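# Understanding the architecture of this molecule
Listed below, chain by chain, are the residues.
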Amino acid sequence: MTLPRIYLQLTTTPMTNIHENGPEPRIVGGEEVDIKCFPFQVAILDIIGRLTCGGSIISPTYILTAAHCFDGLDNEPYVEVLIGSSDLRDYEGKLYNVSRYINHPKYNRYFDYDFSIVQLSSRLSYSETVQPIALPEYQEPEIVGSDAIISGYGLTKNPHDSPDPYYGRNSKLRAVTLSIVDRNDCNARLTGVYGGAYEVPENMLCAGAKRGKDACHGDDGGPLIIKTEKGPKLIGVFSFGYQCATFYYPAAFAKVSMVRNWIKQETGV
């Protein structure tokens, strides 16, 4: 299958191995990384090859992403999944068709249970650029203040900073280190942003950093991971945030440990 042409602006920064020190906390404010260091990362593309969301490989046939990535679509999604590529414009990866997607039954317009399981039409062959990510146990807690890494192919600059529609466009896989934020603190920071008092659902977690470091448009559905002695572990799926890399406002992630039983029920993983 011929890969689509995606017209995006390129960037150049050093690569970092997640199994060593992880990306420098400098996606927005991140640095380029090699897919070999994040072999679970995928890109979900629309029918004309535009990036819509990220996602994570959890088995040879299933991808975990955000349910809101499929808002407005029926169960015959006109999307493809690009796997094994550090660059959306590089033909090193491979495109896979999607047979169906399964949104969490409790997903709603408030981004509660913002999970979707994507079933590929053919099985993946694992390699150094294609690997599944480990999942947490049911209700496994996260440690407030600890480091977590978000990766994706999304914008590298806050689009609200410029009227240029191509501002911050990017094709390279990038990553940035964030810190897990206490949920009560996250609620306090987001109150008023969404029209009054706001409470982040219990099945979500927040993570943020100083201004200039965050996930952004196109990173939706992508992985928030932590490093463990056994390797990287998926703890969150990027759901929403206030603009991109805006000081004081953390990003919200659907918490994988809260739906661990549902994932196992649907995929056997």
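Higher on the page you've got the structure.
Conventions and cut-offs
Within any chain, residue numbers begin from 1 and follow the written order of that chain's sequence. Local features in a predicted model are, by the rule used here, given only for residues with pLDDT of at least 70; side-chain atom pairs are given and counted only at 80 or more, and totals for whole chains, interfaces and linings are based on all residues. Side-chain numbers here rest on the full set of heavy atoms in the structure, without hydrogens or water. The helix count covers DSSP runs of H or I at least four residues long, the strand count covers runs of E at least two residues long, and both are numbered beginning at the N terminus. Buried means the residue's accessible area, taken with a 1.4 Å probe over protein chains only, is under 20% of the maximum for its type, while exposed means over 50%, and partly exposed covers the values in between. What the arc covers is the set of directions going from the helix axis to the C-beta atoms. Here, two residues are considered to be in contact whenever any of their heavy atoms come within 4.5 Å of each other. Stacked, tilted and edge-to-face are the three classes assigned to paired rings of Phe, Tyr and Trp, where Trp is represented by its six-membered ring and a pair needs centres within 6.5 Å; plane angles under 30 degrees give stacked, over 60 edge-to-face, the rest tilted. Any cysteine sulfur atom paired with another within 2.5 Å is treated as part of a disulfide. We treat two strands as partners when DSSP finds at least two bridges between them. Axis lines are fitted to C-alpha atoms, over the contacting stretch for helices. Their N-to-C directions set the angle, which ranges from 0 to 180 degrees.

### A few points about unusual backbone geometry
Positive phi, close to 50°, is recorded for tyrosine 113, a residue that is not glycine. One can find tyrosine 113 in the loop between strand S6 (94-103) and strand S7 (116-120). For glutamine 139, which is not a glycine, the phi torsion comes out positive at approximately 60°. As for its position among the elements, glutamine 139 is in the loop between S7 and strand S8 (147-152).

### Comments concerning helix H2 (residues 260-267)
Taken as a whole, H2 has its buried residues at Arg260, Trp262, Ile263 and Thr267. Around the axis of H2, the buried residues are gathered within 160° of arc, so they sit on the same side. Each element contacted by the buried residues of H2 is listed here: strand S4 (62-65), S6 and S7. A positive phi of about 80° marks glycine 268, the residue just after H2.

### Considering the packing of aromatic side chains
Applying the stated criterion across every chain yields a total of four aromatic pairs. Measuring from ring centre to ring centre gives 4.2 Å for phenylalanine 70 and tyrosine 101, while their planes differ by 10°; the resulting arrangement is stacked. Taken together, the residues phenylalanine 70 in the loop between S4 and strand S5 (79-83) and tyrosine 101 in strand S6 connect sequence positions 31 residues apart.

### Looking at the state of the cysteines
As enumerated under the stated definition, the model contains two disulfides in all. Two residues, cysteine 53 and cysteine 69, share a disulfide whose sulfurs are 2.0 Å apart. Around the S-S axis, the bridge from cysteine 53 to cysteine 69 shows a dihedral of about -100° and counts as left-handed. With cysteine 53 in strand S3 (residues 51-57) and cysteine 69 in the loop between S4 and S5, this pair connects stretches of sequence that are 16 residues apart. Classification of cysteine 53 by relative accessible area gives buried; the value is 3%. One disulfide bridge connects cysteine 186 with cysteine 206, the sulfur atoms lying 2.0 Å from each other. Disulfide cysteine 186-cysteine 206: torsion about the S-S bond near -70°, hence left-handed. Here the residue cysteine 186 occupies a position in helix H1 (residues 183-190), and cysteine 206 occupies one in strand S10 (residues 204-208), the gap between them amounting to 20 residues. Grouping residues by exposure puts cysteine 186 and cysteine 206 together as buried.

### Considerations on the pairing of S5
Most of S5 sits inside the fold, with five of its five residues counted as buried. The alternating pattern of S5 places Val79, Val81 and Ile83 on one face and Glu80 and Leu82 on the opposite face, and all of these are buried. Two strands pair when backbone bridges link them, and strand S2 (residues 41-46) and S5 are joined in this way by five bridges, in the antiparallel orientation. Across the sheet, residue alanine 43 finds its bridge partner in S5, namely leucine 82. One ladder, built from four bridges, connects S5 with S6; its direction is antiparallel. Paired with glutamate 80 across the two strands is asparagine 97, which belongs to S6.

### Regarding the sheet that holds S2
Spatially, six strands are ordered S2-S3-S4-S7-S6-S5 in a closed barrel, and the strand pairing comes out antiparallel. Each adjacent strand pair in this sheet contributes to an overall mean axis angle of 40°, direction not counted. Of the strand pairs in this sheet, S6 and S7 are connected by five bridges, and their pairing is antiparallel. Along S7, the bridge assignment pairs isoleucine 102 with isoleucine 117.

### Here we look at the pairing of S10
A large share of S10 lies buried, amounting to five of its five residues. Bridge count between S10 and strand S13 (residues 251-255): four bridges; the pairing is antiparallel. Paired with cysteine 206 across the two strands is alanine 252, which belongs to S13.

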